[in-house]
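Descriptive structure summary
One-letter residues, chain by chain:
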Amino acid sequence: MSNDNEIAGAYEVTPAAGYTGDVTPAVAWKILGERKDAILIDVRTRAEWNYVGVPDLAGLDKKPGLVEWQVFPAMQVNPEFVATLTGAVADKATPLLFLCRSGVRSVAAAKAAAAAGYSTCLNVADGFEGPLDSHGKRGAAGGWKAVGLPWRQT
């Protein structure tokens, strides 16, 4: 059985075309805690990591992988994304959970990783900051921060 089926069978995963599927931030945290081989890949920009913050996985004895999907400030797709990912995570059976600001770039990254042969590519729905709320702000209506998962600023 592939990791793809093991994860989808054991956790609440919404299947998606082109990658394994979507998980909530809470389910992502559970997978990261229960699966020692699972890795969180934060695909936001260096600016976002530095000024907005990053998931804090110290309580799980892990660190997030930081690989930009788009390069700040021009925001062009990182042509080295797959090569950088492969250099950081050689085992393509490793479950990968992709996270961005609101869950859009991470879908593209999950699709690229799946196309490169990674068997379990999950998008963390609503991302780190979540969707815009009724006041046009992020961070309160969903996402990693809003559900109270650990994070820190650098």
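Look up a bit, the structure's there.
A brief structural summary. Within each chain, residue numbers correspond to sequence positions counted from 1 in written order. Note on the predicted model: pLDDT of at least 70 is required for a residue's local features to be given, and 80 or more for side-chain atom pairs to be given and counted; whole-chain, interface and lining totals, by contrast, use all residues. Just so you know, side-chain values use all the structure's heavy atoms and leave hydrogens and water out.

Here we take up the pattern of salt bridges. Definition used for salt bridges: Asp or Glu carboxyl oxygen within 4 Å of a side-chain nitrogen of Lys or Arg. Applying the stated criterion across every chain yields a total of five salt bridges. A salt bridge links Arg44 to Asp42; the nearest nitrogen and oxygen atoms lie 2.7 Å apart. Look at Arg44 and you get buried, because its relative accessible area is 0%. Each of the salt bridges in this network shares a partner with another, and the network as a whole consists of Glu6, Arg35 and Asp37. Each residue is assigned to one of three classes by its accessible area relative to the maximum for its type, calculated with a 1.4 Å probe on protein chains only: buried under 20%, partly exposed between the two thresholds, exposed over 50%.

On to unusual backbone geometry. Here the residue pair Phe72 and Pro73 is connected by a cis peptide bond, since its omega of 10° sits within 30 degrees of zero. For Pro73, the position within the fold is in the loop between strand 6 (70-71) and strand 7 (76-77). Even without glycine at this site, Asp61 takes up a positive phi of about 60°. Checked against the element boundaries, Asp61 lands in the loop between strand 4 (54-55) and strand 5 (65-66). Assessed through its relative accessible area of 74%, Asp61 is described here as exposed. Phi angles above zero are rare outside glycine, and Asp126 is one such case at about 70°. Numbering of helices and strands starts at the N terminus; helices are DSSP runs of H or I of at least 4 residues and strands are runs of E of at least 2. Note on placement: Asp126 falls in the loop between strand 9 (121-124) and strand 10 (151-152). Its relative accessible area of 35% is what places Asp126 among the partly exposed residues.

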